[in-house]
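Results of the structural survey
Now for the letters of each chain:
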Amino acid sequence: MNPGNSGGALVNIDGQLIGINTAIASQTGNFFGYSFAIPANIVQKITTDIIKYGLAQRGFVGISVQDVDEDIAQEKHLPSVKGAYVVSLNSKEGQSTAGIKVGDIIVGVRGKLVSSVAEIQGILALYTYGDLIELSLLRGNGLVNLKIPLKKETDFAKKVIKNGETQAQLI
């Protein structure tokens, strides 16, 4: 990406819009470095939200999670180091977490297998509060599927939990 192209279209080989260029990170100050873009589907959702509501809307499950690491995979006897470990439930007292429990491992969102917290955040970014999201969770030796209504961020107490060098993230 050349300087000055921020805000420009990022297209694939077929000329289809796949993102909007946002920035370039370069240690030299020249054209060499990493370029960043916002995916087109997220741009479309944000644009629709701004037109409809006056600001972007985002839905949250109301839990803190961290990537499954080797220690968690070994402790939980998981076949692979994939998914998101539920560290805490952040809902205010009296609000439902729709059956999610601390220790669950999120392995799927809306029927799509996920390997990391970043993947889950990417999927959730496409939805707003009130939308129903299906989560697939590993619990014990079984798979549990739950339909979760997304909440507003203000609907729960935001907590950050540090566990060694790992920091749980709110989803």
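Residues numbered from 1 in each chain as written. Predicted model: local features only at pLDDT ≥ 70, side-chain atom pairs only at ≥ 80, totals over all residues. Heavy atoms only, no water.

**Some points on the sheet that holds strand 1 (residues 9-11)**
The 3 strands lie next to each other as 1-2-3, forming an open sheet whose pairing is antiparallel. Bordering the open sheet on either side are strand 1 and strand 3 (34-39), each of which pairs with just one other strand. Along the sheet, successive strands turn relative to each other by an average axial angle of 50°, direction set aside. Judged from the 6 bridges that link them, strand 2 (residues 17-25) and strand 3 form a sheet pairing that is antiparallel. Bridging across to strand 3, Ile 20 finds its partner in Ile 38. (Pairing = 2+ DSSP bridges. Helix = DSSP H or I, 4+ residues; strand = E, 2+ residues; numbered from the N terminus. Axes fitted to C-alpha atoms, helices over the stretch in contact; angles between N-to-C directions.)

**Overview of the confidence of the model for the protein**
Of all residues in the protein, 81% have pLDDT values of 70 or greater, and the mean over the chain is 82. Looking at the elements of the protein, mean pLDDT is at its lowest for strand 10 (residues 162-163), recorded as 51, and at its highest for strand 6 (residues 105-109), recorded as 95. (pLDDT = per-residue confidence, 0-100.)

**A closer look at the pattern of salt bridges**
Under the criterion given, the structure shown has 3 salt bridges. With a closest N to O distance of 2.3 Å, Lys 45 and Asp 49 form a salt bridge. With Lys 45 and Asp 49 both in helix 1 (residues 40-53) and 4 residues apart, this pair spans about one turn of that helix. Asp 49 carries the same exposure label as Lys 45, and that label is buried. (Salt bridge = Lys/Arg side-chain N within 4 Å of Asp/Glu carboxyl O. Buried < 20%, exposed > 50% of the residue type's maximum accessible area, 1.4 Å probe, protein only.)

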